[in-house]
Amino acid sequence: MITVVIATRLREDRLDYLTAMHTSLTRQSVPWEAVIAIDGTDPRHLPVPLASDPRVRTLALPRPVGAACARNLALAQSRTLYSNWADDDDEFTDNAMAVRLDTLQTTGVGWCAGWSRDLHPDGSTRLWECPTPPGRHEAGDVWTYWKSPADTIPIGPTTILARTDLMRAAPMGGLVQGEDYCTAVGITTLAPGILLPVPVYRYRKHPGQLTAQPGYDELESAAREHAWQYGRSLRSALRDHQPKPLLGDRLLEPAAGGQA
């Protein structure tokens, strides 16, 4: 029913986290599979629990291409109706897949998301409620809760379970960071969806995460600006600009004094 798409460089300090992500998937009550893009490193370093699980498929890339590209290439391998992005150092809650899948199947919307919890090194968690309020949101409405690029993003990208065709239409953005901001606003702009007031994802806080690395802040404002402008432009294009009908190679213009 669901494909979970993960990119990883199989760094030694993240292998235990990747194993924990896999363990969280094994606790799901609905059918799933995972496609793991191994970003330019030796696939033999994949932890044994994942390598021995027939539900896990790998895409070994011959050289490092970065998270955005690796994720997009892995998404092309999805063969299920629904897909979900995930990071190699995070976890899903036990009911994450079932509660969102049930919502998608009973309502017919294109995506369903939830809240996330920050997972700290001591095992404690803290709930993060995204700026978008719970409930149904029409296509393009989620972006309106991102008031400016400097504000908190409107919805958690990895909390979104969506139709695979929507994810392919709004994949990871071409950025070295913040690429997931683009897919979050893209998916929610292309189709209506529902945000559930329940945690579905645990976002691990640790010294090795990307957001904790030196220099991360140097490009963050530019990445946010790009993703924010992308969301605004996509929403505007879909809502405000209706193309005129074509007749052959010519625009079909209304005749003088009457209908075309």
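Residues numbered from 1 in each chain as written. Predicted model: local features only at pLDDT ≥ 70, side-chain atom pairs only at ≥ 80, totals over all residues. Heavy atoms only, no water.

Q: So what exactly am I meant to see when it comes to the confidence of the model for the protein here?
A: Any residue range with low pLDDT should be treated as having predicted coordinates unsuitable for detailed reading. Residues of the protein with pLDDT of at least 70 account for 90%, and the chain-wide mean is 92. Confidence over residues 246–260 falls short of pLDDT 50; this stretch has 10 contacts with residues more than four positions distant or in other chains. (pLDDT = per-residue confidence, 0-100. Contact = heavy atoms within 4.5 Å.)

Q: Help me understand the pairing of strand β2 (residues 32–39), please; the structure alone is not making it clear to me.
A: Side chains on a regular strand alternate between the two faces of the sheet. The element β2 is largely enclosed, with a buried count of eight among its eight residues. Of the two faces of β2, the one holding Trp32, Ala34, Ile36 and Ile38 and the one holding Glu33, Val35, Ala37 and Asp39 are both buried throughout. As paired strands, strand β1 (residues 2–8) and β2 are joined by seven bridges and run parallel to one another. Bridge pairing in β2 links Val4 to Ala34. Both β2 and strand β3 (residues 56–61) contribute to a ladder of six bridges, which runs parallel. Opposite Ile36, over in β3, you have Thr58 as the bridge partner. (Buried < 20%, exposed > 50% of the residue type's maximum accessible area, 1.4 Å probe, protein only. Helix = DSSP H or I, 4+ residues; strand = E, 2+ residues; numbered from the N terminus. Pairing = 2+ DSSP bridges.)

Q: How should the environment of Asp180 be read in this particular structure?
A: By the element assignment, Asp180 lies in helix α6 (residues 179–190). In sequence terms Asp180 and Ala68 are 112 residues apart; their C-alpha atoms lie 7.9 Å from each other. Among all residues touching Asp180, those that are not within four sequence positions of it are Pro157 and Met172.

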